[in-house]
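Architecture at a glance
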Amino acid sequence: MTEPREDSPSGLAAFEDSLDYVTVTVGGQLLGLPIGRVQDVFIATRITPVPLAPYEIVGLINLRGRVVTAICMRRRMRHADTGAVPTGTEEHELTAVGLEQAGEAFALIVDAVGEVMRLSRTTFEPVPIHLDRAWAAIAKGVHRLDDRLLVVIDVDAVLNIELPIAA
């Protein structure tokens, strides 16, 4: 059995020239989350609302004994809210992607989780100038796929939510 050469397309060089994403869908748009930032994918059934929280933060989730801040990606991207966010004693099944930043746990509530996609760095493009401002503020760039656009999400920007200042 021969090992692939580092300079061959199937070798180490090709692996290093690729970007891996967990794909999610929000409002019909395909988004890519860098795979290195994704901790887990789970179903959230109960979210405890947080009074006076920013609009994007829909509440807190108890995930295996850990308190996780839930952020609705529809709200974060300024899409119409479906109103399906469970609160209090209501129970709905919502798809969530678990992330961490600075030791804090977050869950991005999305419409659906797709597949893991490996794309070439050569197909990565900067954020188009015509992309909606709310989207451009949380995007790192895009990949043009055969039939659609994959918007690569800047996880740090998504989690950087302005908190209201106390009076």
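Above this note sits the structure.
I will try to describe carefully the structure that is included in this document. Every residue gets a number counted from 1 within its own chain, in the order that chain's sequence is written. For this predicted model, a pLDDT threshold of at least 70 governs which residues receive local features, and a threshold of 80 or more governs which side-chain atom pairs are given and counted, while totals over whole chains, interfaces and linings are taken from all residues. The side-chain values count all of the structure's non-hydrogen atoms but skip hydrogen atoms and water molecules.

**Concerning unusual backbone geometry**
- One non-glycine residue, L52, lies in the positive phi region at around 65°.
- Segments assigned H or I by DSSP are reported as helices when at least four residues long, segments assigned E as strands when at least two residues long, and all are numbered from the N terminus. The residue L52 is located in the loop between β3 (38–44) and β4 (57–63) in this model.
- Relative accessible area serves as the criterion here: at 83%, L52 is assigned to the exposed category.
- One non-glycine residue, R64, lies in the positive phi region at around 50°.
- One can find R64 in the loop between β4 and β5 (66–72). Partly exposed residues are those whose accessible area sits between 20% and 50% of the maximum for their type, while under 20% is buried and over 50% is exposed, using a 1.4 Å probe and protein chains only.

**Quick word on the sheet that holds strand β10 (residues 139–144)**
- What the six strands build is an open sheet, ordered β8-β1-β2-β11-β10-β9; its pairing is mixed. Looking at which strands have only one partner, the edges of the open sheet turn out to be β8 (112–120) and β9 (124–125).
- Bridge analysis of strand β2 (residues 29–34) against strand β11 (residues 149–153) gives three bridges, and the strand direction is parallel. Each residue of the ladder has a partner; that of L31, found in β11, is V151. Any two strands are treated as partners once DSSP identifies two or more bridges connecting them.

These values are about where atoms sit, not about what they do.
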